[in-house]
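The residues making up each chain are set out below.
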Amino acid sequence: MTRWGILAAALLAIAACAQPEPRYLVGEPYRLGGVWSYPQEDFALAETGLAEVLAAPMFAGLTANGEALSAQGLTAAHRTLQLPAIIRVTNLENGRSMLLRVNDRGPEKRGRILGVSPRAGALLGMAPGRATQIALSVEAELSRAAAEGLPGHAQAPIAIAAAPRAAVLREELPPLPGTREAPRRDIQPLTAAAPMAEFTAPGRGTIAPLPESVTQTTPRPGQLLVEAGQFSRRDAAEAVAARLPGARISQQGRGRNTSFRVALGPFAEVQAADFALERTLAAGLSGARIIVE
């Protein structure tokens, strides 16, 4: 056997012995689906938007933070949250609500704030191949407990309250030094969806599956808006609105907390909201997003 053959065999042997090794991850900025995302630790995030059920063939290999992918796990993919994070997800269209663990990056499609596993989608009543209106919020204490003891996790410093920062006009800029474009994950077909099992990474503790507990709340479907940004000054909002035919400016809050939102819509159909989002992104407003109101 040649030297290169011996090296290849050794690498294959190492890969065969690789085991899931979950870790705490925030990560570097990355580009996915043509949009740059900037991960950050956030234990107070609450947002509305559109979610999708991730295709079952995508669930092969490991997640971004080293967990085993499972189509039957109560898991989700988010572009910026720390991994892992525990979130409460509510399907606004039917009122079903449950806890999911964010352990991967995505979804790739623009205008989607969350991708959920097939099992989570089924329990939430989300139809595969169709965008669903959702609300999500981070469960702070559960998220901290999920990260405790994982490699890469350090005790968070005491939070110091700071004055709120108003949004500023954002343009699409060249990638920052040290950033990278997220590679597409090779999609391998699954022969069968195995039930999610608890697994233990050597010396790293146990990752336990979340309970399949669904709470029924009152459905609260809303209208879709494309939010181009929020600004502390009206003239800045007017400058952005001038670049987006049909955009409207609305005042949010009072006194020192006053801000001015620039938005398109409302839209009754997801397709119309997606089209408006693409138009807004093309105008250089990289922070534009679809929200439910």
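Residues numbered from 1 in each chain as written. Predicted model: local features only at pLDDT ≥ 70, side-chain atom pairs only at ≥ 80, totals over all residues. Heavy atoms only, no water.

**What to know about the overall build of the chain**
Item 1. Helix and strand counts for the chain stand at five helices and 16 strands.
Item 2. For the chain, with 293 residues in total, the buried portion stands at 40%.
Item 3. Taking the intrachain contacts of the chain between residues at least 6 apart in sequence as the baseline, contacts between residues at least 24 apart amount to 77%.
Item 4. Taken as a whole, the chain presents about 16,100 Å² of accessible surface, with 57% of it coming from carbon and sulfur. (Helix = DSSP H or I, 4+ residues; strand = E, 2+ residues; numbered from the N terminus. Buried < 20%, exposed > 50% of the residue type's maximum accessible area, 1.4 Å probe, protein only. Contact = heavy atoms within 4.5 Å. Areas by Shrake-Rupley, 256 points an atom, 1.4 Å probe, with all protein chains shown as cover.)

**A closer look at the environment of threonine 132**
Item 1. Considering the arrangement of structural elements, one finds threonine 132 in strand E8 (residues 132–138).
Item 2. On the basis of relative accessible area, threonine 132 is assigned to the buried category, the value being 1%.
Item 3. The spatial distance from the C-alpha of threonine 132 to the C-alpha of leucine 50 is 5.3 Å, given a sequence separation of 82 residues.
Item 4. Excluding residues within four positions of it along the chain, threonine 132 makes contact with Gly49, Leu50, Ala51, Asn91, Glu93, Met126 and Ala127.

**Some words on the sheet that holds strand E16 (residues 289–292)**
Item 1. If you trace the four strands from one edge of the open sheet to the other, you get E14-E15-E13-E16, paired in antiparallel fashion. A strand with exactly one partner marks an edge of an open sheet, and here the two such strands are strand E14 (248–252) and E16. Averaged over neighbouring strand pairs, the angle between their axes works out to 45 degrees when direction is ignored.
Item 2. Where strand E13 (residues 224–231) meets E16, four bridges bridge the pair, whose relative direction is antiparallel. (Pairing = 2+ DSSP bridges. Axes fitted to C-alpha atoms, helices over the stretch in contact; angles between N-to-C directions.)

**Examining the packing of aromatic side chains**
Item 1. Applying the stated criterion across every chain yields a total of zero aromatic pairs.
Item 2. Sitting over the ring of phenylalanine 43, arginine 144 keeps its end group 4.2 Å from the ring centre. (Phe/Tyr/Trp six-rings, centres within 6.5 Å; stacked < 30°, edge-to-face > 60°. Lys NZ or Arg CZ within 6 Å of the ring centre and 35° of its normal.)

**Thoughts on the pattern of salt bridges**
Item 1. Counted according to the given criterion, the structure contains eleven salt bridges.
Item 2. For the salt bridge of arginine 101 with glutamate 67, the shortest nitrogen-to-oxygen distance reads 2.6 Å. With arginine 101 in strand E6 (residues 96–104) and glutamate 67 in the loop between strand E3 (46–53) and strand E4 (75–77), the pair connects residues that are 34 residues apart, well separated along the chain.
Item 3. A salt bridge links glutamate 212 to arginine 119; the shortest N-O distance between them is 2.8 Å. With glutamate 212 in the loop between strand E11 (206–207) and strand E12 (215–216) and arginine 119 in helix H2 (residues 118–124), the pair connects residues that are 93 residues apart, well separated along the chain.
Item 4. Residue classification places glutamate 212 among the partly exposed residues on the basis of a relative accessible area of 45%.
Item 5. Members of the salt-bridge network, linked through shared partners, are Glu227, Arg261, Arg289 and Glu293. (Salt bridge = Lys/Arg side-chain N within 4 Å of Asp/Glu carboxyl O.)

**So, unusual backbone geometry**
Item 1. That bond from glycine 106 to proline 107 is cis: its omega, -5 degrees, falls within 30 degrees of zero.
Item 2. Mapped onto the fold, proline 107 is located in the loop between E6 and strand E7 (114–116).
Item 3. A cis geometry characterises the amide bond from glycine 265 onward to proline 266, with omega recorded as 10 degrees.
Item 4. Structurally, proline 266 is set in strand E15 (residues 259–267).

**Overview of the side chain of arginine 79**
Item 1. Topologically, arginine 79 is positioned in the loop between E4 and strand E5 (85–91).
Item 2. For the buried residue arginine 79, which engages in no salt bridge, the nearest side chain bearing the opposite charge is glutamate 108, 7.2 Å off.
Item 3. At 3.2 Å, the side chain of arginine 79 forms a polar contact with the backbone oxygen of proline 107.
Item 4. In terms of polar contacts, arginine 79 uses its side chain to reach the backbone carbonyl oxygen of glutamate 108, at 3.2 Å.
Item 5. Those residues in contact with arginine 79 that sit more than four places away from it in its chain are Tyr30, Leu32, Gly33, Val35, Ser37, Pro39, Arg105, Gly106, Pro107 and Glu108. (Lys, Arg positive; Asp, Glu negative; His and termini not counted. Polar contact = N/O pair within 3.5 Å; in protein donor to acceptor, adjacent residues only side chain to side chain.)

**Observations regarding helix H5 (residues 270–282)**
Item 1. With 13 residues, H5 should reach 18 Å at 1.5 Å per residue; the first-to-last C-alpha distance of 18 Å fits that figure.
Item 2. For H5, the full list of buried residues reads Ala273, Asp274, Ala276, Leu277, Thr280 and Leu281. In an axial view of H5, the angular spread of the buried residues amounts to 165 degrees, which keeps them on one side of the axis. Turned more than 90 degrees from where H5 packs its buried face, Gln271, Phe275 and Ala282 sit exposed.
Item 3. Looking at the buried side of H5, the elements it contacts are strand E2 (35–37), E13, E15 and E16.
Item 4. Just downstream of H5 lies glycine 284, where phi reads positive at about 95 degrees. (Expected span 1.5 Å × (residues − 1). Arc of directions from axis to C-beta.)

**Considering the environment of glutamate 227**
Item 1. Turning to its location among the elements, glutamate 227 is positioned in strand E13.
Item 2. A residue is classified by how much of its surface remains accessible, and glutamate 227, at 7% relative accessible area, is buried.
Item 3. Contact partners of glutamate 227, with chain neighbours within four places excluded, come to Arg261, Val262, Ala263, Gly287, Ala288, Arg289 and Ile291.

**Looking at the confidence of the model for the chain**
Item 1. Residues at a pLDDT of 70 or more form 75% of the chain, whose mean pLDDT is 83.
Item 2. Counted against residues more than four places away or in other chains, residues 166–173, with its pLDDT under 50, gives 22 contacts.
Item 3. Taken as a whole, residues 182–205 scores under 50 in pLDDT and shows 47 contacts with residues more than four places along the chain or in a different chain. (pLDDT = per-residue confidence, 0-100.)

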